Amino acid sequence: MSIKETAQAVMKKAVQIAPDALMPGGAPDPLIRQKHGLIGTPVSRLDGPQKVSGTARFAAEFPMEGMLFATLKYSTIPKGKITNLDIAAAAAAPGVVLVMTHHNAPRMKPAPAFMSSAKAAGGDDLPIMQDAEIHWNGQPVAVVLAETQEQADYAKTLIGVTYETEPAVTAFEVAKADSEPGVFQGEPLLLEIGDADASLAAAPHKVDAVYRTPRHSHNPIELHAATVGWDGDHLLVHDASQCVTHTAWSLAEVFGIAEEQVHVTSLFVGGGFGSKTLWQHQTLAAAASKLAERPVRLMLSREGVYRIVGGRTLTEQRMAIGAQGDGRFDALIQTGVVAMGRHNNMPEPFILPARSAYQAGSFRLDVEAAKMDMVANTFMRAPGESVGTFALESAVDELADNLGMDPIELRIRNEPEKDPTTGAPFSSRHIVEAYRAGAEKFGWAARKAKPGTHREGEWLIGMGCATATYPYYRMPGGAARITLTADGRANVKIAAHEMGMGTSTTQTMVTADRLGLAMECVSVDYGDSHFPGVVLAGGSQQTASIGASVAAAYRKLITELLKLAGKDSPLHGLDADEVIGRDGHLCKSDELERRESYVSLMARIGREELTAEASAPPPLEFTHWSMHSHGAMFCEVRVNAITGETRVSRFLGSFDCGRILNPKTAASQFRGGIIMGLGLALMEETQFDERNGRVMNPSLAEYHVPVHIDVPEIDVIWTDIPDPHAPMGAHGVGEIGITGVGAAVANAVYNAMGRRVRDLPITLDKTLPELGLVP
Amino acid sequence: MSININGSPTNLPSDTRVSLLDLLRDHLNLSGTKKGCNQGACGACTVLVDGERILSCLALAVQYEGRSVTTVEGLSTNGLLHPLQQAFIDHDGFQCGYCTPGQLCSAVGMLREVRRGLPSNVTNDLEGESITLTRDELCERMSGNLCRCGAYNGIVYAITEFAETTK
Amino acid sequence: MNSFTYARAADVIDAVQQGTRVHAKYLGGGTNLVDLMRETLEQPSALVDVSGLSSDITEREDGSLLIGAAARNTAVAEHRAVRTRYPLLARAILAGASGQIRNMATVGGNLLQRTRCTYFYDNDGSRCNKRTPGQGCDAIQGFNRIHAILGASPSCVATHPSDMCVALAALDALVHVTGLDGSRTIAVVDLHRLPGDHPEIETNLRPGELITAVELPALPFAQRSVYRKVRDRASYAFALISVAAALDLDHGIVKDVRLALGGVAHKPWRALKLEASLKGQPATTQSFLAAVEEELADATPLPHNKFKVELAKRTVVAVLAELAGDIS
């Protein structure tokens, strides 16, 4: 263990054993007690009118004076050198203003790779069009700028590139021979408690199988895009981003300018799911704009997104459980290999759910990364959990089948009292309630335990369930600014993001409740790197990060307001922790009639506005407590007995994710996650040709995502039990919906037809053999 | 050469390559119509031409000379939202909002098709005179409009409510 | 996309005169051609818009139905005569693409749509004999789950993607074409070619020939006909396998049968062996199975599409059984 690692381990231990009161969340957020505010009420999206009327402007929809249109040309080999670039015809084509290649691109530093430092946003840390080296099949080799998109796109086809190819590792089996331990967020993805192999061998009941999940692409419907312009050495980027501050800082590093000289805006983002970070296109657009001295709009083609934006990588997981006859787990083993790019660090951490899902006598969890010459793989909705729960929760179902137990009862039998691998207390865990409520509402009791025994006409019908789980995170760097104005209104500014989660709506509700203002008196501005805070829209942490930041700014604001209000205020002598906001007033929290309105307070201090900016406390709470969201997923499938086609006919998600802030938008997020999970279960696969590392289905026609008729009415319910240690008592809910879905579907397919599919997606070629020869 | 866009006659581009979608977005700054794939595979670019829903990304603008195009910007009148737009808000029929203009235009065109009795892949009786807009009928007919956020349930509720109130 | 001239054809003669020029292409609804042009898989220098030519659907005295080539897919599927007399055609069209695309696509264009082979589409990254004759085929050793199991060649294993054409093949439809040398008709089963050594030549149309109409001969027993499409998602996906069939029974004996398969070959696959084998046989699962096994005896699946052989058998048997059940 290095000195740094030792220090980290000591720090972690100290946080774990520290008194609760010293931790963020040690004293519950006062908003948890407040039961009659906006929180918990269904509120329609505030930006709804803009989104339905077409007036919401996305990244590629900002016209700029003199703007040029860009297009990219991509490499067709996985590794080697460009030996010749013939751009003459392209440069001479009508309307073309610039052809940029590594010969004329400005000198730039690589983008700092994501997680390499606090504000790093790059998908990888490769040089960007700086030399002749090719690192993956699809790497940009030229940028064309022209007066119109049509001209740029045509000119691109005139560029000739010749390569000298070098041996590349593009086959997983080859890469596996050289795999190395995966390291995620600074910690090895390796955990051993007891002798799991011996326990498994000795266990009277066991399952032991290999599960596979393919590569996935995020496929937000909005194509990645940036509209950029320089004003001297100041860069403006209208981006589609889930990390504006990270992007601004990283682009500043790339161009060797100060962070403040880069301004990234991203008010609306047409879906991200982990993909809308910093890839080469923003940098190339800015570099080309700099050379051309004109603003540039670069919207990737759909193919382009597949070529230069990484997706979720493939996994191959051995999953084994050894159990006693009563179902108790003796051994839990989840080990395997994932493919990973050579210049990024994202070993899809599929073991994360197994670290805290079940009590077991022994554990062995291990992720190895096999490096391949490919576009950097990256975070995609519930990285780790989405595919890790497929193996884990399929195996639990297999074991239940072996034991002749109901799979829900088997899970409850192994319910831990504290975190089974860290020993930390759970902050809030009500998964059993979620299972009970879900089973009741779904009608689980009607499930036939014997597979293949329920048939209606051509359709074999089955039910399955699985556990969903996703950690509570909060990343460092959260900060917010609140401005209170003399008319009793408040404005929040924070560099957060709206990709469809309902951020602005929900945070307006929360801020209104915190201040005790009506919703129409509060506005929340976001999506701008000049605002305070480093707030990644990822890891389902944005809600907590904003919540903690706004709470800190609120406290500072109120402290200042009370201090300035002076002796004549009825609130004189109280500090910020002794007051709460209610009906446009600040009130003594245990004596509500002792109060003064914001308008009166502002008049008293004689200010037009009062502003406070503060940072959220360091995010220690999820080290001190074991903090997770939970869910119970229930699925009914119909497998066609003739063709093997699988269709999902019913689905219910029962969630335990703390307090639900806005039931309307939260339900949509749950459903959206589940639907992406249905895609993962049944149809999604990025086809990576292992001969040359080329993605062969870079198209929404050939990469299938669920369409309207693939999706049944999805029921979502929740416990609504606040997590006492999370801001607002709430957890982010953007990712948990996709977890467990793959297994719930696979388990239902097994129940329908007796076929265990351990290799996603469950397409008909995998179910067909079990149906036997033509009936 | 002119094309009518949301009631306004508009010159067609001289470059024959310009798609109806790029005419709207790049040339006229009518960016309500969205580009999601430019391959005819997602439905985000759906607009109405003489009331019929089509994919503007696969349409060469020049081929639509003399036709009347309605985009999402043309659904609302005098700044008032179309009732279907309001239903989308009420039922949370979107998250990021990017596929929404296409879903809206598609739904308007789709309901017209249902009213005139056009069957679909899930219609049992091809010879029937009228179509009952069941959930399956609605979903099959809207399947050309992808939503990656997964707002499908809300979209279905919104269209169903609108269809029932405008019967 | 390269630059091109655009002109609307005033009539068939005008169209053919313009379309016979070098590098001219006919433009219907554009749903495939515009995409192919954007991918530079097609690079016409002139587009002749024939979408304004005849789209009439006419019931003729001999019982046939004549469909103008500019008829939109939606209009064909919606037409009363098609729905009642040729339901397999209405079904096939409605199973394809999306509502928006069906509103744009013409019958003529649908006949000429090109394969969805991803190696064909990967313009500069993969080898394809169809795109660049003699280059080689990367699909044979690559992702070939959606590819052909019948009639393929070492040059090409692509499939024809149309649903409509499968129904037309089953119906023995005739394609009316006009060229500078005059007009002729081609049986739809002879319109498309197997790849052989020249996968780049996909049809037997002569240079400049324009499809003006499709004729559906009278086929009374097609009133009871089926199109069944099997695919990876429930809508808006190309067929893995599709079956268009009509069955004529006489007291439980197969008097006549028409059956074509989609998703199996470079062209819609008319199952002539199956038809010959079934005629005069009792309409039982056993005889359906025997017939489809005969039809598929020569199937040569690729590494990723072995399932298609079994799937095709199962689907064919199910379709015929359904028709037999409806009739008996």
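Each helix and strand in chain B was counted, giving five helices and five strands. When the helices and strands of chain B are listed from N to C terminus, the series reads β-β-α-β-β-β-α-α-α-α. Against the 2.2 N^0.38 benchmark of 15 Å for 167 residues, chain B shows a C-alpha radius of gyration of 16 Å, consistent with a compact globule. Considering only C-alpha atoms, chain B reaches an extent of 45 × 35 × 30 Å along its principal axes. Here chain B holds 167 residues, and the buried ones make up 63% of them. For chain B, the share of sequence-separated contacts (at least 6 apart) that also reach a separation of at least 24 residues comes to 59%.

Residues and elements named next belong to chain C. Ordered in space as S1-S3-S2, the three strands form an open sheet in which the pairing is parallel. The strands lining the two open edges of the sheet, one partner per strand, are strand S1 (5-8) and strand S2 (24-27). With strand direction ignored, the average angle separating the axes of adjacent strands in the sheet is 25 degrees. Bridge count between S2 and strand S3 (residues 46-49): four bridges; the pairing is parallel. In the strand pairing of S3, alanine 24 is matched with alanine 46.

This part takes up the sheet that holds strand S7 (residues 182-187) of chain C. Residues and elements named next belong to chain C. With respect to topology, five strands assemble into an open sheet ordered S4-S5-S8-S6-S7, the strand pairing being antiparallel. With partners counted over all chains shown, the strands left at the sheet margins are strand S4 (57-59) and S7, one partner each. Strand-to-strand twist in this sheet, taken as the mean axis angle between neighbours without regard to direction, amounts to 20 degrees. In the sheet, strand S5 (residues 65-68) pairs with strand S8 (residues 210-216) via four bridges, with the strands oriented antiparallel. By the bridge assignment, leucine 65 is partnered in S8 with leucine 216.

All names here are of chain B. With domains assigned, chain B is organised as domain 1 (2-74) and domain 2 (83-165). The gap between the C-alpha centroids of domain 1 and domain 2 is 21 Å. Between domain 1 and domain 2, the residue contacts involve 15 residues of the former and 14 residues of the latter. Elements with a contribution of two residues or more to the side of domain 1 that touches domain 2: strand S3 (46-49) and strand S4 (52-55). With three residues, S3 is the largest single contributor of residues to the side of domain 1 that touches domain 2.

To continue, consider the environment of proline 420 of chain A. All names here are of chain A. Tracing the backbone through its elements, the reader meets proline 420 in the loop between helix H12 (407-413) and helix H13 (431-442). Separated by 68 residues in the primary sequence, proline 420 and leucine 352 place their C-alpha atoms 12 Å from one another. Apart from the residues lying within four places of it in its own chain, the contact partners of proline 420 are Ser356, Tyr358, Gln359 and Ala360.

Okay, the interface of chain B and chain A next. Across the boundary between the two partners, chain B contributes 48 residues, which contact 48 residues of chain A. At the level of secondary structure, the elements contributing two or more residues to the side of chain B that touches chain A comprise helix H1 (20-27), helix H2 (83-90), helix H3 (100-115), helix H4 (135-141) and helix H5 (152-165) of chain B. At four residues, the largest contribution of residues to the side of chain B that touches chain A is made by H2 of chain B.

The next point concerns the packing of helix H11 (residues 385-403) of chain A against helix H19 (residues 741-753) of chain A. Residue and element names in this part refer to chain A. Contact geometry for H11 and H19: axes closest at 8 Å, N-to-C directions at 35 degrees. Read as a crossing pair, H11 and H19 show a hand that is right-handed. Along the contact surface, H11 presents Thr389, Phe390, Glu393, Ser394 and Asp397, while H19 presents Gly742, Ala743, Ala746, Asn747 and Tyr750. Per-class residue counts for the contact of H11 with H19 are four nonpolar, four polar and two charged.

We now examine the domain arrangement of chain C. When the domains of chain C are assigned, the result is domain 1 (5-51) and domain 2 (228-327). Centre-to-centre, using C-alpha coordinates, domain 1 of chain C lies 36 Å away from domain 2 of chain C.

Tracing the sequence through the fold places leucine 126 of chain B in the loop between H3 and H4. Linking leucine 126 of chain B and leucine 48 of chain B, residues 78 residues apart in sequence, is a C-alpha distance of 26 Å. Those residues within four positions of leucine 126 of chain B in sequence are excluded, and the remaining contacts are Pro119 of chain B together with Arg83, Pro87 and Ala90 of chain C.

Residue and element names in this part refer to chain C. Across the eight residues of helix H5 (residues 87-94), eight count as buried, placing the element largely inside the fold. Restricting attention to buried positions, one finds in H5 the residues Pro87, Leu88, Leu89, Ala90, Arg91, Ala92, Ile93 and Leu94. Lining the buried residues of H5 we find helix H3 (73-78), helix H4 (80-85), helix H6 (99-104), helix H9 (164-170), strand S9 (225-230) and strand S10 (241-250).

On the side of chain C, 27 residues touch chain A, which itself brings 27 residues to the contact. For the side of chain A that touches chain C, the element with the highest residue contribution is helix H5 (residues 149-156) of chain A, accounting for three residues. Its residues placed into classes, the side of chain A that touches chain C shows ten nonpolar, seven polar and ten charged.

In this section: the packing of H2 of chain B against H3 of chain B. Residues and elements named next belong to chain B. Where H2 contacts H3, the two axes come as close as 10 Å, and the packing angle between them is 130 degrees. As summarised for this structure, H2 and H3 are arranged oblique, according to the angle between their axes. Once H2 is placed against H3, the crossing between them reads as right-handed. Only Thr100, Leu104, Ala107 and Val108 of H3 make contact with H2, whose side of the interface consists of Leu84, Gln85 and Phe88.

Moving on, we come to unusual backbone geometry. With an omega dihedral of -5 degrees, the bond running from leucine 760 of chain A to proline 761 of chain A counts as a cis peptide bond. Inspection of the secondary structure puts proline 761 of chain A in the loop between H19 and helix H20 (764-767). Non-glycine residue aspartate 720 of chain A carries a positive phi angle of around 60 degrees. Mapped onto the elements, aspartate 720 of chain A comes out in the loop between strand S32 (714-718) and H19. Classification of aspartate 720 of chain A as partly exposed rests on a count of 16 C-beta atoms within 10 Å. Of note in this structure, asparagine 29 of chain B is not a glycine but carries a positive phi near 55 degrees. Within the secondary structure layout, asparagine 29 of chain B lies in the loop between H1 and S3. Overall, asparagine 29 of chain B belongs to the exposed group, with 10 C-beta atoms counted inside 10 Å.

Moving on, we get to the pairing of strand S2 (residues 8-11) of chain B. All names here are of chain B. When strand S1 (residues 2-5) meets S2, the two strands line up antiparallel, connected through four bridges. For asparagine 4, the partnering residue across the bridge sits in S2 and is proline 9. The hairpin turn running from S1 into S2, its antiparallel successor, is two residues long, and asparagine 6 in that turn takes a positive phi close to 50 degrees.

Time to look at H1 of chain B. Residue and element names in this part refer to chain B. Across the eight residues that make up H1, a large majority, seven, are buried. Taken together, the buried positions of H1 are Leu20, Leu21, Asp22, Leu23, Leu24, Arg25 and Asp26. Taken from the residues just after H1, asparagine 29 is the one with a positive phi, measuring 55 degrees.

All names here are of chain A. Residues Ile714, Val716 and Trp718 point to one face of S32 and are all buried, whereas Asp715 and Ile717, pointing to the other face, are not buried. Strand direction decides the pairing type here: strand S29 (residues 646-656) and S32, joined by five bridges, are parallel. In the strand pairing of S32, serine 654 is matched with isoleucine 717.

Averaged over every residue, the pLDDT of chain C is 97; residues scoring 70 or more account for 99%. On the interface metric, ipTM, the complex scores 0.98, and its pTM is 0.98.

Turning our attention to the environment of glycine 229 of chain A. All names here are of chain A. Summarising the element assignment, glycine 229 is placed in strand S12 (residues 225-231). Note: C-alpha distance between glycine 229 and glycine 54 (175 residues apart in sequence) is 24 Å. Non-local contacts of glycine 229, meaning those with residues more than four positions away in its chain, are made with Met64, Leu236, Ser289 and Pro295.

Conventions used here
- Residues numbered from 1 in each chain as written.
- Chains lettered and ligands numbered in written order.
- Predicted model: local features only at pLDDT ≥ 70, side-chain atom pairs only at ≥ 80, totals over all residues.
- Helix = DSSP H or I, 4+ residues; strand = E, 2+ residues; numbered from the N terminus.
- Rg over C-alpha atoms; globule rule 2.2 N^0.38 Å.
- Buried ≥ 20, exposed ≤ 12 C-beta atoms within 10 Å, placed from the backbone.
- Contact = placed C-beta atoms within 7 Å.
- Pairing = 2+ DSSP bridges.
- Axes fitted to C-alpha atoms, helices over the stretch in contact; angles between N-to-C directions.
- Domains from an automatic or database assignment.
- Left-handed = near helix turned anticlockwise from the far one by under 90°.
- Nonpolar A, V, L, I, M, F, W, Y, C, P; charged D, E, K, R; others polar.
- Parallel < 35°, antiparallel > 145°, perpendicular 65-115°, else oblique.
- pLDDT = per-residue confidence, 0-100.

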